[in-house]
Amino acid sequence: MTYQRIIKGLIAIGIFIMIIMPGYIFELLVEFFHLFLELFIEFLDVCFEWIESTLDHLVEHLFETDLHDTQIIVFYIMMTMLAFLLYRLYLFLPKIVKRIYQNILASFTRQKIRLLIFWEEQSLLGKIKYISLSLGVFYIWIFFNM
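Since we're looking at a predicted model, the values are computed, not measured.

**Here we look at the confidence of the model for the protein**
The predicted coordinates ought not to be read in detail in places where the model reports low pLDDT.
Right, on to step 1. Overall, the prediction assigns the protein a mean pLDDT of 93, with 99% of residues at 70 or greater.
Right, on to step 2. Model confidence for the protein, summarised as mean pLDDT per element, is weakest for helix 1 (residues 2–20) at 89 and strongest for helix 3 (residues 67–121) at 96.

**Things to note about the packing of helix 2 (residues 22–63) against helix 3**
Right, on to step 1. Where helix 2 meets helix 3, the closest approach of the two axes is 9 Å, and the angle between their N-to-C directions is 130°. On the basis of their axis angle, the class for helix 2 and helix 3 is oblique. Between helix 2 and helix 3 lies a crossing of right-handed hand. In this structure, helix 2 uses Phe48, Ile51, Glu52, Leu55, Asp56, Val59 and Glu60 to contact helix 3, whose residues at the interface are Thr70, Ile73, Val74, Ile77, Met78 and Met81.
Right, on to step 2. Counted by class, the contact of helix 2 with helix 3 contains 9 nonpolar, 1 polar and 3 charged residues.

**Here we look at a negative patch on the surface**
Right, on to step 1. On the surface, Glu27, Glu31, Glu38, Glu42, Asp45 and Glu49 cluster together into a negatively charged patch.
Right, on to step 2. With respect to the helices, strands and loops of the structure, glutamate 27 is situated in helix 2.

**Here's the deal with the packing of aromatic side chains**
Right, on to step 1. Counted according to the given criterion, the structure contains 5 aromatic pairs.
Right, on to step 2. Ring centres of phenylalanine 138 and tryptophan 141 lie 5.9 Å apart, and the angle between their planes is 35°; this geometry places the pair in the tilted category. Taken together, the residues phenylalanine 138 and tryptophan 141, both in helix 4 (residues 124–145) and 3 residues apart, mark about one turn of the helix.
Right, on to step 3. Taken together, a centroid distance of 6.3 Å and an interplanar angle of 25° make the contact between tyrosine 139 and phenylalanine 143 stacked. Here the residue tyrosine 139 and the residue phenylalanine 143 both occupy positions in helix 4, the gap between them amounting to 4 residues, near one helical turn. The burial state of tyrosine 139 is the same as that of phenylalanine 143; both residues are exposed.
Right, on to step 4. An aromatic cluster is present here, built from Tyr139, Phe143 and Phe144 joined pairwise through their rings.

The rules behind the values
Residues numbered from 1 in each chain as written. Predicted model: local features only at pLDDT ≥ 70, side-chain atom pairs only at ≥ 80, totals over all residues. Heavy atoms only, no water. pLDDT = per-residue confidence, 0-100. Helix = DSSP H or I, 4+ residues; strand = E, 2+ residues; numbered from the N terminus. Axes fitted to C-alpha atoms, helices over the stretch in contact; angles between N-to-C directions. Parallel < 35°, antiparallel > 145°, perpendicular 65-115°, else oblique. Left-handed = near helix turned anticlockwise from the far one by under 90°. Contact = heavy atoms within 4.5 Å. Nonpolar A, V, L, I, M, F, W, Y, C, P; charged D, E, K, R; others polar. Patch = residues over 30% accessible without salt bridge, like charges linked within 9 Å, V, L, I, M, F, W, Y side chains within 5 Å. Areas by Shrake-Rupley, 256 points an atom, 1.4 Å probe, with all protein chains shown as cover. Salt bridge = Lys/Arg side-chain N within 4 Å of Asp/Glu carboxyl O. Lys, Arg positive; Asp, Glu negative; His and termini not counted. Charge placed at Lys NZ, Arg CZ, Asp CG, Glu CD. Phe/Tyr/Trp six-rings, centres within 6.5 Å; stacked < 30°, edge-to-face > 60°. Buried < 20%, exposed > 50% of the residue type's maximum accessible area, 1.4 Å probe, protein only.

Written as structure tokens, this is what we have:
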């Protein structure tokens with residue numbers, strides 16, 4: 001019981017803070033996103049360096065080459081891997097884009113049908129209420145944004 005009250009109290013405080021200070025909450029979310037993006041990019045950089053170092057050691061020990069030749073061989077190996085990955089992405093990407101497009105189109109059509117059914121079920125008074133509410137909200141939005 002006590003834990004539920006604590007959790008509900010924390011949720012109420014969180015909602016209150018979100019209502020009172022939305023700018024700070026938005027800024028905090030943007031900073032968290034920026035932090036995670038930086039960490040992800042740093043992780044990708046470390047992975048790239050690890051792969052490059054591993055390939056350097058493998059090529060150097062397998063072929064017994066000097067530094068310059070090792071770097072050239074590793075460069076071409078990595079470019080070959082990148083070209084292969086880009087080719088696979090080129091083959092795979094149109095299927096994904098087509099599937100996403102079809103899902104968005106189906107969702108849009110479904111929502112449009114639901115809205116038309118809802119609108120047709122409304123009485124004349126209900127339609128007038130929704131139109132006047134929409135115009136009022138639009139007017140207030142323009143009034144406070146000018």
